[in-house]
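Residues per chain are reported as follows:
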Amino acid sequence: MKVILNQDVKHLGEMGDVKNVANGYYRNYLFPHGFAVPYNDVTVAYFESRKEEIEARKEQKRKDAASLKDRLEALTVELLMPAGVNGKLYGAVSTQTLADYLHKNGFEIERKRIEIPGTAIKSTGSYHAIVHLYEAQTAELKISVVAQEDESRKAASKAADAAKPEASAETSAPKAEETVVE
């Protein structure tokens, strides 16, 4: 069945798009919720009269996506993750981890729009992820994964640091000359 969308429908299209959908999908979901109207002469004329408004809305979305792209590409995501001595993470950095970080920093991006090469990041280092924006626009996100020191390693390094000044004080102090009695 051919329909015209009244509003944006996730995974289907945007307002004003003409789509072919199953009869049941239209009858049971799209029409009762007011998401779509049947494609006929009356609805086509109605959407032709609103064409400028719809195009202005799409143009605004394109501009918003371009500014979001600039902001994302200027950002470097630095994540502190628990890792072993060799740099292998105890967990992994997934798209959900990145979406949560971006949400905390004022970006409203769904995790489904973030693409990490491979499935997830499993070791420390620098990486890139792709964020899919409006239409075909994408932004490249720089990610830096740093090992988080756990409490036992912190305590061990503090103990080692505390021992170093004592040892260096002993070595740096001039030794008293031994007097030789003849």
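Residues numbered from 1 in each chain as written. Predicted model: local features only at pLDDT ≥ 70, side-chain atom pairs only at ≥ 80, totals over all residues. Heavy atoms only, no water.

A. Highlighting the sheet that holds strand β3 (residues 36-38). Read across the open sheet, the three strands follow the order β2-β1-β3; overall the sheet is antiparallel. With partners counted over all chains shown, the strands left at the sheet margins are β2 (18-20) and β3, one partner each. Geometrically, the sheet is characterised by an average inter-axis angle of 40° between neighbouring strands, direction not taken into account. Here strand β1 (residues 2-5) pairs with β3 via three bridges, running antiparallel. Bridge pairing in β3 places I4 opposite V37. Strands in contact with helix α2 (residues 41-49) are β1 and β3; relative to β1, the strand with the most contacts, it is inclined by about 30°. (Pairing = 2+ DSSP bridges. Helix = DSSP H or I, 4+ residues; strand = E, 2+ residues; numbered from the N terminus. Axes fitted to C-alpha atoms, helices over the stretch in contact; angles between N-to-C directions. Contact = heavy atoms within 4.5 Å.)

B. Here's a closer look at the pairing of β1. Pairing between β1 and β2: three bridges, direction antiparallel. Counted as the bridge partner of K2 is N20 from β2.

C. Layout of unusual backbone geometry. Phi at H11 takes a positive value of approximately 70°, unusual for a residue other than glycine. Overall, H11 belongs to the exposed group, its relative accessible area being 72%. (Buried < 20%, exposed > 50% of the residue type's maximum accessible area, 1.4 Å probe, protein only.)

D. Spatial organisation of the pairing of strand β9 (residues 138-148). Relative to β9, strand β4 (residues 76-82) runs parallel, the two sharing seven bridges. From the neighbouring strand, E78 faces β9, where its bridge partner is S144. Two strands pair when backbone bridges link them, and strand β8 (residues 125-132) and β9 are joined in this way by eight bridges, in the antiparallel orientation. When the bridges of β9 are listed, H128 appears paired with K142.

E. Highlighting the sheet that holds β8. Strand order across the open sheet formed by four strands is β4-β9-β8-β6, with mixed pairing between neighbours. The outermost strands of the open sheet, each flanked by one partner alone, are β4 and β6 (114-115). By the bridge criterion, two bridges tie β6 to β8 in an arrangement that is antiparallel. Within the sheet, the bridge partner assigned to E115 lies in β8 and is I130.

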